[in-house]
Amino acid sequence: NHPNIVRYFTAFRFKKNKFFAIAMELLTGGSLLARIEQERGPLTSSQRQREAQTAQWARQVASGLAYMHALRMQHRDLKPDNVLFAEDGRPLVMDFGLARIGLERSSLTHTYETLGTPVFMAPEQAQGAEGIDFRADVYGLGGILYQCLTGELPFVGTSHLEVLAQVIADEARYRDSLQLA
């Protein structure tokens, strides 16, 4: 229970785990991705406003992540469409389908397999390395900040494999376009 994490009330499994339904709080403010796309570029027209708004959201999302990490929980798929807004404007982290609790090995993850959205993955996560920890979520938050401030994705490719290769070997594109004071 944290003000920047979506509250889930119950979950249901149907037909021997073939279907899964979750009841969560109703959030009417849309997603961070929708807000970025609505602007078709940086979130606000004024750079100072954009920086201030992004910093406020980043602090709130980081607070939710810190709470999760204190409970030894990794999100592993942090991206703008997994940040929803409450009616009062608070951003909330959601979608824990790839989350990992504690350090125990998950039946979902094996060495050299990747889980998550390639463009927001940390390089070690993109490589399928073992021992991925909470820092991968912080890297994902950095990707979100990049997209909020520039209106662009940090990596773009024609396939998931091309994006994964860029994440592993390259720096984020358009990095020179960030002219923060």
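Just so it is clear, the model here is predicted, and its values are computed rather than measured. (Residues numbered from 1 in each chain as written. Predicted model: local features only at pLDDT ≥ 70, side-chain atom pairs only at ≥ 80, totals over all residues. Heavy atoms only, no water.)

Engineer: Explain the overall build of the protein to me, and be specific about the residues and the numbers.
Structural biologist: The helix and strand tally for the protein stands at five helices and six strands. Residue pairs in contact within the protein that sit at least 24 positions apart in sequence constitute 59% of those at least 6 positions apart. Within the structure as shown, the protein displays about 10,600 Å² of accessible surface, and the carbon and sulfur contribution to it stands at 54%. (Helix = DSSP H or I, 4+ residues; strand = E, 2+ residues; numbered from the N terminus. Contact = heavy atoms within 4.5 Å. Areas by Shrake-Rupley, 256 points an atom, 1.4 Å probe, with all protein chains shown as cover.)

Engineer: Go over the side chain of Gln74 with me, naming the residues and quoting the values.
Structural biologist: With respect to the helices and strands, Gln74 occurs in strand E3 (residues 73–74). Owing to a relative accessible area of 1%, Gln74 belongs among the buried residues under this scheme. Every residue in contact with Gln74, bar those within four places of it in the chain, is listed here: Met68, Ala99, Arg100, Gly102, Ile132, Asp133, Phe134 and Asp137. (Buried < 20%, exposed > 50% of the residue type's maximum accessible area, 1.4 Å probe, protein only.)

Engineer: Help me get a handle on the environment of Gln125, residues and values and all.
Structural biologist: With respect to the helices and strands, Gln125 occurs in helix H3 (residues 123–126). For the pair Gln125 and Val167, spaced 42 residues apart in sequence, the C-alpha to C-alpha distance is 9.5 Å.

Engineer: Which residues make up the nonpolar core, and what values go with them?
Structural biologist: The biggest cluster of nonpolar side chains holds 24 residues, and the ones touching the most others in it are Leu32, Met68 and Ile144. Contributions of two or more residues to this core are made by helix H1 (32–39), helix H2 (47–70), strand E4 (83–85), helix H4 (135–150) and helix H5 (160–169). With four residues, the top contributor of residues to this core is H2. When near neighbours in sequence (up to four residues on either side) are disregarded, Met68 contacts Ile5, Met73, Gln74, His75, Val93 and Phe96. (Core = buried A, V, L, I, M, F, W, Y, C linked by side-chain atoms within 4.5 Å.)

Engineer: Please give an account of the packing of aromatic side chains that cites residues and values.
Structural biologist: For the structure on display, the rule yields two aromatic pairs. Aromatic pair Tyr8 and Phe96: ring centres 5.7 Å apart, planes at 80°, arrangement edge-to-face. Placement of Tyr8 in strand E1 (residues 8–14) and of Phe96 in the loop between strand E5 (91–93) and strand E6 (100–101) is noted, with a sequence separation of 88 residues between them. The ring of Phe85 carries Arg35 above its face, with NZ or CZ at 3.6 Å from the centroid. (Phe/Tyr/Trp six-rings, centres within 6.5 Å; stacked < 30°, edge-to-face > 60°. Lys NZ or Arg CZ within 6 Å of the ring centre and 35° of its normal.)

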